[in-house]
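Overview (structure and organization)
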Amino acid sequence: DAGITQSPRHKVTETGTPVTLRCHQTENHRYMYWYRQDPGHGLRLIHYSYGVKDTDKGEVSDGYSVSRSKTEDFLLTLESATSSQTSVYFCAISDRDTNGRKYGYTFGSGTRLTVV
Amino acid sequence: AQKITQTQPGMFVQEKEAVTLDCTYDTSDPSYGLFWYKQPSSGEMIFLIYQGSYDQQNATEGRYSLNFQKARKSANLVISASQLGDSAMYFCAMREEETSGSRLTFGEGTQLTVNP
């Protein structure tokens, strides 16, 4: 299995507090993604990264920021958590092969975040 | 407009029977890929099958096959000989090579229940 881990796996936090979720990979993949999963919405892209210090917004980026200072780590930060950010957060990785074709995606196990 | 539409929130099938999960997509990108993922109650995202827009044949992976009808923009997943372990949420997803780069867009999912 691809090496991708998310931490923490579960977190309960209070409204207004900052929260950082970590995604760590050992595959040296170029692309990393943060998704959130909510009932009735499937998985929605929050932010993604296409290289160290190269990031861009997804469809639901408001209230979130990301950083990628090294290949293996992609951090998702909720600057001031709100109840609407209660969700399951998934990290994913992907890359191209030597022929330029894109790999599939490998997902982490998810982080269940509850904002009270 | 929704890029990926899964119109069946829930599906039921008898063990050992075949089942088709529907997925329609919307894109003007000539190059795209379609993915199906399985999410059991434990929460992990499991890759099942991939179909490229230029692939001449429908993709197959064991008991999974993808009924790709390009003109109708549909990419239905067919599971043959259903097993109790197939009970899970199933997501259809699309990558638009030119307009979205490496990003993956998901449908809302279909909850499949296999009855004994």
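Everything discussed here concerns the structure shown above.
Reading the values: the criteria
Residues numbered from 1 in each chain as written. Chains lettered and ligands numbered in written order. Predicted model: local features only at pLDDT ≥ 70, side-chain atom pairs only at ≥ 80, totals over all residues. Heavy atoms only, no water. Helix = DSSP H or I, 4+ residues; strand = E, 2+ residues; numbered from the N terminus. Rg over C-alpha atoms; globule rule 2.2 N^0.38 Å. Buried < 20%, exposed > 50% of the residue type's maximum accessible area, 1.4 Å probe, protein only. Contact = heavy atoms within 4.5 Å. Areas by Shrake-Rupley, 256 points an atom, 1.4 Å probe, with all protein chains shown as cover. Lys, Arg positive; Asp, Glu negative; His and termini not counted. Charge placed at Lys NZ, Arg CZ, Asp CG, Glu CD. Disulfide = S-S within 2.5 Å. Core = buried A, V, L, I, M, F, W, Y, C linked by side-chain atoms within 4.5 Å. Phe/Tyr/Trp six-rings, centres within 6.5 Å; stacked < 30°, edge-to-face > 60°. Lys NZ or Arg CZ within 6 Å of the ring centre and 35° of its normal. Buried area = accessible area lost by both parts, 1.4 Å probe. Salt bridge = Lys/Arg side-chain N within 4 Å of Asp/Glu carboxyl O. Polar contact = N/O pair within 3.5 Å; in protein donor to acceptor, adjacent residues only side chain to side chain. Nonpolar A, V, L, I, M, F, W, Y, C, P; charged D, E, K, R; others polar.

Bringing the overall build of chain B into the picture now. Counting its regular elements, chain B contains zero helices and 12 strands. Sequence-ordered secondary structure for chain B, helices as α and strands as β, is β-β-β-β-β-β-β-β-β-β-β-β. For 116 residues, the compact-globule estimate of 2.2 N^0.38 gives 13 Å, and the C-alpha radius of gyration of chain B, at 14 Å, lies within 12% of that figure. Based on the C-alpha atoms only, the size of chain B along its principal axes is roughly 45 × 25 × 20 Å. Counting all 116 residues of chain B, 47% fall into the buried class. A separation threshold of at least 6 residues defines the contact pool for chain B, and within that pool the share at least 24 residues apart is 56%. Of the roughly 5500 Å² of accessible surface on chain B, a fraction of 48% belongs to carbon and sulfur atoms. Of the side chains in chain B, 9 bear a positive and 13 a negative charge, and the two mean positions are spaced by 2 Å.

On to the state of the cysteines. All names here are of chain A. For the structure on display, the rule yields two disulfides over all chains. The partner cysteine of C23 in its disulfide is C91, sulfur to sulfur 1.9 Å. Taking the sign of the S-S torsion, about -75° here, the bridge from C23 to C91 comes out left-handed. Highlighted residues: C23 in strand β3 (residues 19-25) and C91 in strand β9 (residues 87-94), separated in sequence by 68 residues. An identical accessibility class is assigned to C23 and C91; each is buried.

In this section: the nonpolar core. Ranked by internal contacts, the top residues of the largest apolar core, which has 24 residues, are B:Y25, B:L34, B:W36, B:I49, B:L77, B:Y90 and B:L112. Secondary structure elements with two or more residues in this core: β3 (19-21), β5 (32-39), β6 (46-52), β8 (64-69), β9 (74-79), β10 (88-96) and β12 (110-115) of chain B. Ranked by residues supplied to this core, first place goes to β10(B) with four residues. Grouped together as the second largest cluster of nonpolar side chains are 19 residues, A:W34, A:V60, A:F74 and A:L113 included.

Applying the stated criterion across every chain yields a total of 18 aromatic pairs over all chains. Look at B:Y37 and B:F106: their rings are 6.0 Å apart centre to centre, the planes differ by 45°, and that puts the pair in the tilted class. Here the residue B:Y37 occupies a position in strand β5, and B:F106 occupies one in strand β11 (residues 105-106), the gap between them amounting to 69 residues. Each member of the pair, B:Y37 as well as B:F106, is classed as buried. A network of ring pairs unites the aromatic residues A:Y33, A:Y35, A:Y48, A:Y50, A:Y105, A:F107, B:F35, B:Y37, B:F47, B:Y50, B:F91 and B:F106 as a single cluster. Above the ring of B:Y64, the side-chain terminus of B:R63 is found at 5.7 Å from the ring centroid.

Interface size, as often reported, equals the accessible area lost upon joining of the parts. Each side of the interface is counted separately: chain A has 17 residues, and chain B has 15 residues. Of the roughly 1400 Å² buried between chain A and chain B, counting both surfaces, carbon and sulfur atoms make up 55%. Our count for the chain A to chain B interface comes out at zero salt bridges. At the boundary of chain A with chain B, the tally comes to five residue pairs in polar contact (both at pLDDT 80 or more). Counting only elements with at least two residues in the side of chain A that touches chain B, the list comes to β4 (31-38) and β5 (42-51) of chain A. Of the residues assigned to the side of chain A that touches chain B, the class counts are 10 nonpolar, five polar and two charged.

Our focus in this paragraph is the side chain of B:S82. Residues and elements named next belong to chain B. Along the polypeptide, S82 turns up in the loop between β9 and β10. Looking at S82, its side chain comes within polar contact range of the main-chain oxygen of E17, at 2.7 Å. Excluding residues that lie within four positions of it along the chain, S82 makes contacts with V13, Q14, E15, K16, E17, V19, R63 and V114.

Before going further, it helps to spend a moment on unusual backbone geometry. The step from A:S7 to A:P8 runs through a cis peptide bond, and the omega angle for that step is -5°. Looking at where A:P8 falls in the secondary structure, it is placed in the loop between β1 (4-7) and β2 (10-13). One non-glycine residue, A:N28, lies in positive phi territory at about 60°. As for its position among the elements, A:N28 is in the loop between β3 and β4. Phi is positive for B:A81, which is not a glycine, with a value near 45°. Among the structural elements, B:A81 can be located in the loop between β9 and β10.

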